[in-house]
Amino acid sequence: MTKSTTEIGKELSERLNPGMEDTLNARYGHLLPGMAEGVVDFAYGRQYARPELPLRDRYLATIAALTAIGGQTKPQLKVNIAGGRKAGLSQKEIAEVIWQMSLYGGFPSAINGLYVAIEVFDEEEATA
């Protein structure tokens with residue numbers, strides 16, 4: 001039997017961002033029932049799980065886009081940097097893609113992105 005995109009998304013999101021669906025449900029479920037499952041299904045089951053682009057490359061693209069958009073994306077950038085590390089990205093690769101965005105999102109966005117990356121790296125070291 002073929003797995004649904006929701007099942008695929010749950011497996012992938014739990015591997016990369018454990019507890020994310022529960023966190024979204026706790027925060028937003030009373031306002032938007034089904035929102036957390038929708039994020040898991042669409043973002044992880046229908047996008048990140050697509051086989052045509054390796055997961056680590058999808059994370060590079062996501063980190064770049066969130067950096068270029070700017071500071072209001074800090075929570076999502078933090079989650080995606082942590083997910084990118086679990087998908088095999090090195091700290092240097094993440095720093096380089098963030099710095100590359102200084103050309104497209106500007107220096108403030110890139111510097112803010114680097115600040116977020118350092119937060120994630122420090123958290124990794126503290127739990128290692």
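As the structure is a prediction and not an experimental result, all values here were calculated from the model. The residue numbering used here restarts from 1 in each chain and proceeds along that chain's sequence as written. Per-residue local features are limited, in this predicted model, to residues with pLDDT of at least 70; the limit for side-chain atom pairs, both in listing and counting, is 80 or more; totals at the level of whole chains, interfaces and linings are taken over all residues. Calculation of side-chain values draws on the structure's entire complement of heavy atoms; hydrogens and water are dropped beforehand.

Undergrad: Describe a nonpolar patch on the surface, listing the residues and the values that go with them.
TA: Residues with no salt bridge and a relative accessible area higher than 30% make up the patches, which join like charges within 9 Å and nonpolar side chains (Val, Leu, Ile, Met, Phe, Trp, Tyr) within 5 Å. Residue-level accessible areas treat just the shown protein chains as cover; the underlying method is Shrake-Rupley with a 1.4 Å probe. Any carboxyl oxygen of Asp or Glu that lies within 4 Å of a side-chain nitrogen of Lys or Arg is treated as forming a salt bridge with it. A surface patch of nonpolar side chains, amounting to about 330 Å² of accessible area, comprises Trp99, Phe107 and Ile111. The secondary structure listing takes helices from DSSP runs of H or I that are at least 4 residues long and strands from runs of E that are at least 2 residues long, numbered from the N terminus. Assignment of secondary structure puts Trp99 in helix H6 (residues 91–100). Under the scheme applied here, a residue whose accessible area is under 20% of the maximum for its type counts as buried, over 50% as exposed, and between as partly exposed, the area being computed with a 1.4 Å probe on protein chains only. Residue classification places Trp99 among the partly exposed residues on the basis of a relative accessible area of 38%.

Undergrad: Can you break down the environment of Leu32 residue by residue, with the values?
TA: Note that Leu32 resides in the loop between helix H2 (20–28) and helix H3 (35–48). The partly exposed category is assigned to Leu32, whose relative accessible area is 47%. On a C-alpha basis, the gap between Leu32 and Arg56 in space is 30 Å, while along the polypeptide they are 24 residues apart.

Undergrad: Account for the nonpolar core, with residues named and values stated.
TA: Here the nonpolar core consists of buried residues drawn from Ala, Val, Leu, Ile, Met, Phe, Trp, Tyr and Cys, with membership extended through side-chain atoms lying within 4.5 Å. Grouped together as the largest cluster of nonpolar side chains are 26 residues, with contacts concentrated most on Tyr44, Leu55, Tyr59, Ile63, Ile81, Ile94 and Ile98. Contributing elements (two or more residues each) for this core: helix H1 (5–16), H2, H3, helix H4 (55–69), helix H5 (74–86), H6 and helix H7 (107–127). It is H4 that contributes the most residues to this core, 6 residues altogether. Here a residue-residue contact requires only that any non-hydrogen atoms of the pair lie within 4.5 Å. Excluding residues within four positions of it along the chain, Leu55 makes contact with Leu12, Arg15, Leu16, Tyr48 and Ala87.

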